[in-house]
Each structure stands twice: as structure tokens, then as C-alpha cells.
Amino acid sequence: MAKGSLSSGAIDPTALEAESLQAIGAATSTEALDEVEATLLGKRSALATAHRRLGQLDPETRRSAGRELNDLRARLEAVIAERRAGLRADERSAVLEADRLDLSEVVLEGLRTPLRRGHRHLVTSTRDALEDVFVAMGFTVAEGPEAETDWYNFEALNIPPAHPARGMYDSFYLDVGEPETVVLRTHTSPVQIRLMEAAVAAGSIPIHSVMPGRCYRRDTADASHLPVFHQVEGVVVDRGLTFADLAGTIETFTAAYFGPEVHSRLRPAYFPFTEPSAEYDITCTICLGAGCRTCSGTGWLELGGCGMVDPAVFDAAGIDPLEWSGFAFGFGIDRCAQMRHEVADLRNLLESDVRFLRQF
Amino acid sequence: MRAPLSWLADFVPIDRDVDELVVALDDLGLIVEGVERVGGGLERIVVSKVLEVGPIAGADRIRRVVVDAGGEPLEIVCGAFNFGVDDLVPLAGVGTVLPNGMEIGRRTMRGVTSNGMLCSGRELGLSDDGEGLLVLTGTEGAIPGAPLAGALGIEPDIVFDLAVEGNRPDAWCIAGVARDLAARFGLPFTLPTPQVTATGPSVGSLASAVVESPELCPRLTVRVLECVVVGPSPKWLARRLVLAGMRPINNVVDASNYVMLELGQPTHPYDLDRLGAPGLLVRRARHGEVVRTLDGVDRVLGVPGRGLGETGEDCVICDAAGEPVGVGGIFGGTSSEISASTTRVLLEAAYFDSMVIARTSKRLALRTEASARFERGTDPFGIDRATERFCQLLMASAPTTVVAAGTLDVRGDLGGPNVIALDTGRVNGLLGTALGRDEMARLLEPLGFACTPRGDDSLEVVVPSNRPDVRPGSHGVADLAEEVARVFGYSRIERRQPTWTDPGGLSAYQRARRQVRQVLVGLGSDEVWTPSLVDAADDAAVGVHGEPVRITNPMAADQASLRQTQMAGLLRALAWNRDRRQGEVRLFEVGVVFGPPDPAHTAARAGSGGAAEAALPAERELLSAVFAAKLDDATSAVGALGALRDELRLADLRLRPPADGSTPPGLHPTRSLEIRAGLDGPVVGTVGEVDPAVVTEFGAAEGRVGWLELDLGVVLDPGVVGRRSEVVRPVSRYPSSDVDLAFSVADTVPVDLLVDVLEGAGGQLLESVSLFDVYRGPGVEPGRRSVAFRLRFCAPDRTLTDTEVGALRAGCVAAAERELGATLR
Ligand SMILES: [Zn+2]
């Protein structure tokens, strides 16, 4: 810095900088620093005054002097910011230190706590109730990972890569491994494959399990769809099982969960992993079959899908389809809750509003 | 798909009412999503001719019109302005009820009497156009007084809107739906085989057909039609297209669309004279080749996309010179489109490999009526009927048309017929039915399956070529079982409740997880479900800076990562409630968080998939809880942990600062600890308070927010965290003696170690140790604190004497002094 370039100015920049740094260093609290900052950089500071006087200089000098003042201001601002961060950290440490509490020595008997009952989430209570019905029918409850390989989520379920049926399941792929080899599961069906593989390895067929869990599909959220949702599926593998057993199981479950006045019906449908496949409807829970707006006057509500395990799925899992047969079924837990409690908009489930949560 | 009843009736003499048809279609798996009654209510609408148009004094939005509707001229008041004298327009006379339910009365407006209403297309339910009148001028058969429906070729009709499943390509056409209905009702199904007279020159003299890649396109046929006059389609044909949901374009394109809707076979007409060289050549796309499709977009072909099974194989249709004119099976090109000046039509009808079409269509994000059909699988032998039908339709709409003789037909490997040995016992075994051999044949044959008895319990079934969904061999048996069940009726299959001897139940983990929830609920906590798909910045805001698992194709930028923590979600939930003046709450979530793939979680691609393995992201199921009710702080969380420990009978959990002196992410540096399984065991969770700076950043609470997190997979594993003994400790019938001891002990000595020492020294006779006071301050040296315990001694078989209690007390004090440097105060 060329000394004297501010010849007509009232300040000596070098001295000012040294003085300023000292003042900044002397501030021991953020409050004190705020004051120092106002003094050094504020409207009435020496620096501001010098800046105002630049106008009196000839254009050439004005430019270099101006640059010099701006540089000085920038340097001081940086130092102040750094100092402020340091002081803040110190002040925070002091507050935190004063706050110190050794949790290993809390006297439990001495705690005071509000007395109020909490509430399970509607999805949890619905899932628990469904599990209880299935457990009473003799099912075990199985779970699996939410991120799955393409093999478990699709290929082993008779949905090879690029198969048009994949269009039914718009998937989220993960940046893991080779492109599009790991997906967020689009259904809980991969757990069926894992169960079958485990049972084959352990020689422990038959299988009677239900698989509740979280699933993901790339659907836009609306009142009746969520891209992240919950599903429960069931699979039974044994000797001599038929479509009649499937239809009977669905009917038993329907009456047990929804009530004896609610029945089921099956209609042909297509799922790559079952053959024959069916959609299943239940008696409209609003009008009990008389026909209303909710069921478009049909008296039935669509609940889920089901069918006899496709022999290609058995092949993938290493089960001989000539020796064993099986059936599977599945439906949405959230949708079940929506139907039973007349939840107009499924997005309420994700809002965490206690006025909603505390009703269940 | 939309299926007009009148069109279905071309193939099957349907004699059932609509309700019965809806039930039957549903039961056949052709789900009825809607039933539309169209063209009804037009019985009293007639064609009228405008004789005079004049203003009405004092009104500028209505005019006086006089029309001839076949009788005396009628005076009408009309608010439309899109017509003039001599135009033909529809008239609804007085007393008519329009399709929309509106009844026309005689009205007088500003002194003019209106004897009816002139109608727009929308008012008649014939179009969406409600702007002006439906002008009929130029319409053949439209003469004043004639019924409108007749002039327009409109019959009242019923249109079924059907959802056809992906495994039923055969049913995705009018004839296919009719075939199913005929089978269900036992009615005859007739599929005419049109025969046109080909009087033109040999097709081979006009065009060529070459297939260089028969594995992509196993069959290509080419026909040529000359002397074609392009114009509008006949009314009945255009009307059917409209009812089926397609817009009429011209008689050539319409005929092609009509055939696709009717028979399921897409065809593509080219202007033969606009092809660079007459004829077609089908080949694999070259790497990076660009084709401009009919929608005007340049498509890059032959480049593999992302993902499994992507080959980058695309099939292009070229002119005879090898210049691309379309993407095979998906989209035609612009260069050889049919135009008003077209006189020679080359008709392409082909059969493509369904997977090739599926891959190309997915990669180009280009799904057309044709590609959707090809990817499901078309009938390679249905092509001839379709092209014959096209010629027939075009000859009817453009009678000058001359069809060239013969068809250019290039065939690759189309495979032999799929013949399945159907063991009736196996079908009954799958369905739970008891259908005889002949009964099964009677169910299958109307669908086109040719059945020949082979012994008493078996049929030899020849699968028709329009059923590519039926697989060969034993898998095909399952497919045929579905066909049997469909025609038989799912509802007629009896129901049986299977039974088994294995007991059902929840796993120990699942039971314990329910207990966890119940404990939290009992403490006044409400369970929430917060998003799993998050913005990685949210994780960072609570101090979790790990590399998240990212979503390749997120729906939104703030949902592009899998959450690594539930803290951000819970804090947002607190903020949500606080913003609604219900902030003093306790919330918890039981959910999965994700981390980078862990070699321990490698999943084999077992089975026929074979070799590769893929490492899956690490998943942990966590209980995470925030305590933000009145009075809540870190001690609330410690209390909750105590309740959980008690309910789950967890033994030996220790609260310790992180070994490296750090603070667990997002937590208060001086009011948080890790939870460990035993003195040397793994970390199983965290407890304490959320860092006040983080609380402020999320706007989560006014005051302190207690925090508890447990990694359930670890905590609930008895191999990691031991369980308290299940063996009951008998309750002594003898009185107990209490001894209160206050020690001064260094801050560095955790209280639980002192408890360990006291319990060790007290032995079997020490019934309980409970901490009742902790004190720091005057009277206690800095760096130490006073901790006070109540020790309760009791023997199962006697009352302890003062001497015995004194000795036990001394032993405990000595052990504490000796082992932990504690001093009795
Ligand atoms: Zn209803």
C-alpha cells in the first residue's frame, strides 16, 4: 500500500488498520464486538468519513484511494466475521457448559412428567389389527428389506427386464451398483421369494406367512395414492392347495376383519406372479352392498389382488410346481384404513398433525 | 378400450340387456370402467333449412330465424351466429327432450315466439362444440324435415369402457371381446374372412419387401392399392371410430385404425409414391441413427439405455433404398404420410418381437396404439385377415381403388403351434373343481383352443396364434386353467378354508417392537410417519453428513435421497404442530433409515437368474422419539429409556459419552450420551436433548426437546443386549432393612459403576439399590459430587440382625472406597 496516497484524507490507513485490529481483538463478547464494528465501519467511523471525502480528490487519485479504502473495509469485515464466529462458539460453549447434565445419574423416581396417553399411528394400528387376524388364522408374519434387487422385486416374480408388465410398477431406482439393478420395492412380494428360498434351503415348506411393509412407487400423491405406502401380502405354499382354498381364505379374512356382513368376490385379473389371477372386491363397507356413491352403485369395493402362485415363480425360487402349489394375495394397508375410517385424503397420514393422530 | 355394442354385434348375436353384459364382462376379466349411452334422445330432432335471419328490436344477442323443417315455416329465436340463410341446422321442436334432459317449450322473447330450438353439437351430445349450431350444410341425406340421426348415420348405441389386462392381447379388440362374450353365453361367434378381388398388377411389380433382421421382425407383409381417392370415410365408419375414441382423418388412415380396433392388428399405410424407392426394408437401427417420427420429433436409435436387459436393439422400417421411414411397430415417419394427393397406397402389416418393441418404446418414452399392442403380442397369422379387411374397407370408401394382386410376405421363424398336453386332474387340482375332460373342452373351444381328447383325463390343446400369453409346457397348464376358470366363472368355484397344524404368530422381534410402541404410547407419545424420501440437506441440518443413498429418478429434488436419520422428520413434525398452536407434544417414529451398501447385506441373485450379486443399502429399523411437552428435557428421554428397559427386560444398558469425545449428531453436547450394551458392548442408541441450535433452526419448539433413539435390530437382539432373568425371585416374608449411603465420588465415575460395586458387595442379601439424590456444590470438592443411595437388605429365611446389616453396610462402603475412590460422606 502506497502510503500518502490519501494525502488529502484525514486518516493514515496503516495506523487505522492496526488500531482497528486491536479493538476487534479486545472485544470479548459478541455484544462488545457489535459496538466495535459500529465504531469502525459505521456511518460516523473514520473509514466512512474518509470515503465521503474521496469526492474531493482528483479522478486519478480518487480511484486508487477508493480501492485502498474498500480493501481495508473488506479486510476489517473479514476479521470481524471471524472474530464473531469465534466469540459465538465460545459463548455457545459457555451456555452449553452451564447447561451440563450427566444423564447417567438421573433420579428416575424424581421425574415429573405429564400424564396423557399417546396414540399409535393409524397405519400401525391397522397393520397390527390385520396381523392379528392373520395370526389367528395360522399365519406367521415375515418382513424384508425396503431396497431390493431387481431379481427379487421383478425377475423372480416372472417380470423380466423390459417386460411390459413393469409398466404396472413405476419404480424408484437407486444409485447403487449397476444402473437399475437396485430398486425401492414396489410391493412386498420380494419377501415371498426370500421366504420360499429360505424354506427350500431349510427344507421347511409348507409356508403360511403374511408380509406387511412399506413400498414405493413413482406415483404422484393424491387423495387416494401415495408414492410411499404400506401393503400386506400373504403366501401359502403346501401340497394340494387350490383356487378354492384361496377364495375361502380371502372370505374368512374379510369376514374376520371387516365383520360378518362383509363378503368377498373374485374377478379375473392379470398379475405376472400368479396364474390364475384375480382381483378381489369386498362388500361396500359404507352401504353394505346396497349401492352408494363410494362404490359407484355396485355394492362392491376393490380391495386387492390374488391368485395361484405362477409356476415360473416356483421355478425361480427352486420349488417344484408339480409337487407343491400355493396361493398369494395382497392389498394396501393404508387403503384399508382409508376405507374403514373414511379418511378422505391419504396425505393426512403423513402430516403428523396430532389432531389427526389422536383420533386413533 | 371402448367397445360399442353395435360393433360387438357384428360378431356375436348379443341378446342380453346391458346390466347382464356388464356383469358378464366383469366376470370374464374385462373390467367395465364405464357404460355410456350415446346417440339416444335424437328421435325428434330434425334437419331444418334456414329461410330468413333477422334482428330482434332491443336485443343484440339473439336473432329471429325462420326455418323450413318440412312443414309450415317456423319462427325460432336463436342465440348463435355461425350460420346464415340456406344453411341446414338441427331443430328440436316444441316438446322435445334433449339428451341432456332439457325440455323444449314454446317461449316468447321480446315479442317473438320461438317454436323450438336450433341446437349445437354439445346440446345434442354429439360433440364438445357448444359455441355455435351444428351446421349440416353439405351433409348427404340432410334435407329439411328428415330425422337428424338418419342424416348423420347415428344409431343409439351403448359403449362399454373396458380395462383389458396385459395378458389378454387377444381381447384388446372388438372381435376379441365378442369372442369372450360368445363363449360365456354359448352364442355363435363369427369372424368373417373378407375376400377382395385383386384386379391390379402383381404386387411384386410395384414394390419390394426385404427383412434384414427377421429376429426383430419375424413377419412382414406388403400390399399395394392403386387408383385410391383419398377423402372422408363413410359416416358409419367415422362414427364407429369416434365411439371407440379415435378421430377420423381420411379414408386410408381410418381404414387402418378401424382394422386395428376391430381385429387388434396394427397396420401402416404409406404413400407409395413418396417412398424414396418403392418397397420396404426392415433392419436393425445403426448406432445413433436418427429418425424423425410422425410427431415431428427426431428419435435417436440403436443406443442402449440404462438398466437391465437393455440391448439398444431397435427395428427401423426403411424404404426400398434403405432410408428410414419409421420406427418399426411404434411410429411411422413423416416423409411418406398419406396426403390428399395420395393415389397409390403401400400397406405394411407386420409381426414384431414383443420384447424388442417393449424395450424401444420404454427407452424412447414413446407409447402408441400400435406399440402397446405389439409389446403385448399380436397374432402373426392374423395379419392376412387384417390386410384383407383393410382392402375391403378402402374399396368401399374409395370404389375406384384397384388392389394389386398378391401379397409380399417375408417370414422368419414364426415357431410352430403351441400344443399343450392338458391333464384335467392338474387343472382341477389348481382350481379345486371337478370338471370332466369334455366339460373342459367345451369351455376352451369357444375361445379358439382346439381340444382333442387323449385318454380319459387328458386333452391335447392347440393354442391359437392370437394367444401368445399362453406359455408352452407345464406353465401353459396354469394359463389354460385360468381360461377354464374364466369361462366357467370364478364365482362358481366353491370356497374352502385350508387348515394346517403349524401355529401362526409374531416373531420375538415383532412382539418386542409392539411393546416398544406401547411403552411410548403409555408415556403420552403420539406415533408419526415422516418421509423416507428426503433432501440430503435435511440430514445435514441435524448433523448427519454421510453420503446418502440417492434415487436415480426422483420425483422431486427434495425427495432425491433415502433418509439416514429420522430426526429431521420428527423435528419438522414438531414444527408442524407448533405452527398450529399444539406444540407441547411428544412424538415418536419406528422406521427404517438407510446407509450405503454394506457387504454384509449382499443379496444373491439366486435361482435361474444366476450369477451376479448386488449389495443392498444398509437398512436399520430405529425407534426415534422427541419429547417436547411441558417440563420435558433430557431427563424425560432417560425416563422413557428406563420404562423401555423395564418392559423389554433389558439388562445392562450403559449411558456413556462417545468414546472419541464427540457429540452424537444433532444432539446437545453436554446433555446427551450414547446407550451401550454393557461396558464394552456396541452402541445401541442415543439419549439426551436435541442441540438447541438445531431446535431453533427447525422451529421445532420453544424450549428443550428430549431425544431418545434405539437401533431396534440391535437392542432387541438378545445376543447383543442381555435380558433380565425370567426366573422369579421369591418375595421374602421377613422385614427388610434400609441403609442410606452418600458417597463423594469423582465426576468421571459413572453412577452405574458404583451401583455395580454396591451390588457385588451386597451379594444375595441386597434386595435393591436406588439412587435418590445427586448433589454438587459447597461441601463437595470441585470435580466430585455426592451421590446418595438407599440400599435395602433382606434375607429370604430370617430377619437380618443389626450386626449382619452393619457388616453388609461396611462391606459395601469398603468396596466403593477401594474400587472407585469413593468416600463416605
Ligand atoms: Zn356402497
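Conventions we followed
- Each chain carries its own residue numbering, running from 1 in the direction its sequence is written.
- Chain labels run from A onward and ligand labels from 1 onward, assigned in the order the entries are written.
- Where totals are concerned, whole chains, interfaces and linings use all residues; where local detail is concerned, this predicted model gives features only for residues with pLDDT of at least 70, and gives and counts side-chain atom pairs only at 80 or more.
- Values reported for side chains reflect all heavy atoms of the structure, with hydrogen atoms and water molecules removed beforehand.
- Every helix listed is a DSSP run of H or I at least four residues long, and every strand listed is a run of E at least two residues long, numbered separately from the N terminus.
- Taken over C-alpha atoms, the radius of gyration is set against a globule rule of 2.2 Å times the number of residues to the power 0.38.
- When accessible area is computed with a 1.4 Å probe and restricted to protein chains, residues below 20% of their type maximum are described as buried, those above 50% as exposed, and intermediate ones as partly exposed.
- Here, two residues are considered to be in contact whenever any of their heavy atoms come within 4.5 Å of each other.
- Only the protein chains shown count as covering a residue, and every accessible area follows the Shrake-Rupley method with a 1.4 Å probe.
- Lys and Arg are tallied as positive, Asp and Glu as negative. Neither His nor the chain termini are counted.
- Positions of charges follow a simple convention, taking NZ of Lys, CZ of Arg, CG of Asp or CD of Glu.
- Any Lys or Arg side-chain nitrogen located within 4 Å of an Asp or Glu carboxyl oxygen qualifies as a salt bridge.
- Simply put, an axis is a line fit to the C-alpha atoms, just over the touching stretch for a helix, and the angle between two N-to-C directions goes from 0 to 180 degrees.
- Reported orientations rely on four angle classes, namely roughly parallel under 35 degrees, roughly antiparallel over 145, roughly perpendicular from 65 to 115, and oblique for the rest.
- Left-handed describes a crossing in which the near helix is turned anticlockwise from the far one by less than a right angle; the clockwise case is right-handed.
- Note that the domain bounds were set by an automatic or database domain assignment.
- Throughout, buried area stands for the accessible area (probe radius 1.4 Å) lost by two parts on being put together, summed over both.
- The term polar contact refers here to a pair of N or O atoms within 3.5 Å; inside protein, the definition further demands a hydrogen-donor-capable atom paired with an acceptor-capable atom, and it admits residues adjacent in sequence only when both atoms are side-chain atoms.
- Two strands qualify as a pair provided DSSP detects at least 2 bridges between them.

### Regarding the overall build of chain B
Part 1: Across its full length, chain B holds 20 helices and 38 strands.
Part 2: Over its C-alpha trace chain B gives a radius of gyration of 41 Å, far above what one expects of a compact globule, namely 28 Å for 825 residues.
Part 3: Summarising its shape, the C-alpha atoms of chain B cover approximately 125 × 85 × 55 Å along the three principal directions.
Part 4: Taken over 825 residues, chain B has a buried fraction of 55%.
Part 5: Taking as baseline every contact in chain B between residues at least 6 positions apart, the subset at least 24 positions apart corresponds to 70%.
Part 6: Summed over its atoms, the accessible surface of chain B is roughly 34,500 Å², and 51% of this surface lies on carbon and sulfur atoms.
Part 7: For chain B, the distance from the average position of its 82 positive side-chain charges to the average position of its 111 negative side-chain charges is 3 Å.

### Structural notes on the pattern of salt bridges
Proximity of charged atoms lets side chains of opposite charge pair with each other.
Part 1: Enumeration according to the criterion identifies 89 salt bridges over all chains in this entry.
Part 2: In this structure, A:Asp345 engages A:Arg347 in a salt bridge whose closest nitrogen and oxygen atoms are separated by 3.0 Å.
Part 3: For A:Arg347, a relative accessible area of 36% gives the class partly exposed.
Part 4: Put simply, A:Arg120, A:Arg127, A:Asp128, A:Glu131, A:Asp132, A:Glu143, B:Arg513, B:Arg514 and B:Glu621 are held in one network by salt bridges that share partners.

### A look at unusual backbone geometry
Part 1: With an omega of 15°, the peptide bond between A:Ile205 and A:Pro206 qualifies as cis.
Part 2: Along the polypeptide, A:Pro206 turns up in the loop between helix 7 (189-202) and strand 4 (207-216).
Part 3: Of note in the backbone geometry, B:Arg110 takes a positive phi value of approximately 50° without being a glycine.
Part 4: Residue placement: B:Arg110 occurs in the loop between strand 7 (107-109) and strand 8 (112-114).
Part 5: The exposure class of B:Arg110 is exposed, given its relative accessible area of 58%.
Part 6: For B:Ala365, which is not glycine, the phi torsion reads 50° and is therefore positive.
Part 7: Inspection of the secondary structure puts B:Ala365 in the loop between helix 7 (354-363) and helix 8 (369-376).
Part 8: Residue B:Ala365 is classed as exposed on the basis of its relative accessible area of 68%.

### Details of the packing of helix 3 (residues 46-53) of chain A against helix 4 (residues 59-98) of chain A
Residues and elements named next belong to chain A.
Part 1: Interaxial distance between helix 3 and helix 4 falls to 10 Å at its minimum, and their mutual angle equals 160°. The orientation of helix 3 relative to helix 4 falls into the category roughly antiparallel. Taken as a pair, helix 3 and helix 4 cross one another with a handedness that is left-handed. Residue-level inspection shows Leu-47, Ala-50 and His-51 of helix 3 in contact with helix 4, the latter providing Leu-69, Asn-70, Leu-72, Arg-73 and Leu-76.

### Re the domain arrangement of chain B
Part 1: Annotation of chain B at the domain level lists domain 1 (11-35 + 160-185), domain 2 (45-152), domain 3 (203-411), domain 4 (418-488), domain 5 (508-604 + 615-715) and domain 6 (737-824).
Part 2: A C-alpha centroid distance of 82 Å is found between domain 4 of chain B and domain 6 of chain B.

### Looking at the interface of chain B and chain A
Part 1: The interface of chain B with chain A comprises 125 residues on the first partner and 120 residues on the second.
Part 2: Interface of chain B and chain A: buried area, both sides summed, is about 10,000 Å²; carbon and sulfur atoms make up 57% of it.
Part 3: The largest contributions to the chain B side of the interface with chain A come from B:Arg495, B:Trp500 and B:Trp529, which together make up 9% of the buried area.
Part 4: Inspection of the region where chain B meets chain A yields 16 salt bridges.
Part 5: In this structure, A:Glu131 and B:Arg514 form a salt bridge, with 2.7 Å as the shortest nitrogen-oxygen distance.
Part 6: The tally of links from chain B across to chain A stands at 57 residue pairs in polar contact (both at pLDDT 80 or more).

### Focus: the sheet that holds strand 1 (residues 140-141) of chain A
Residues and elements named next belong to chain A.
Part 1: What the seven strands build is an open sheet, ordered 1-4-5-9-8-7-6; its pairing is mixed. Edge positions in the open sheet fall to strand 1 and strand 6 (264-271), since each of these has one partner strand only.
Part 2: Pairing between strand 8 (residues 300-309) and strand 9 (residues 325-332): five bridges, direction antiparallel. Counterpart to Gly-304 in the pairing with strand 9 is Phe-331.

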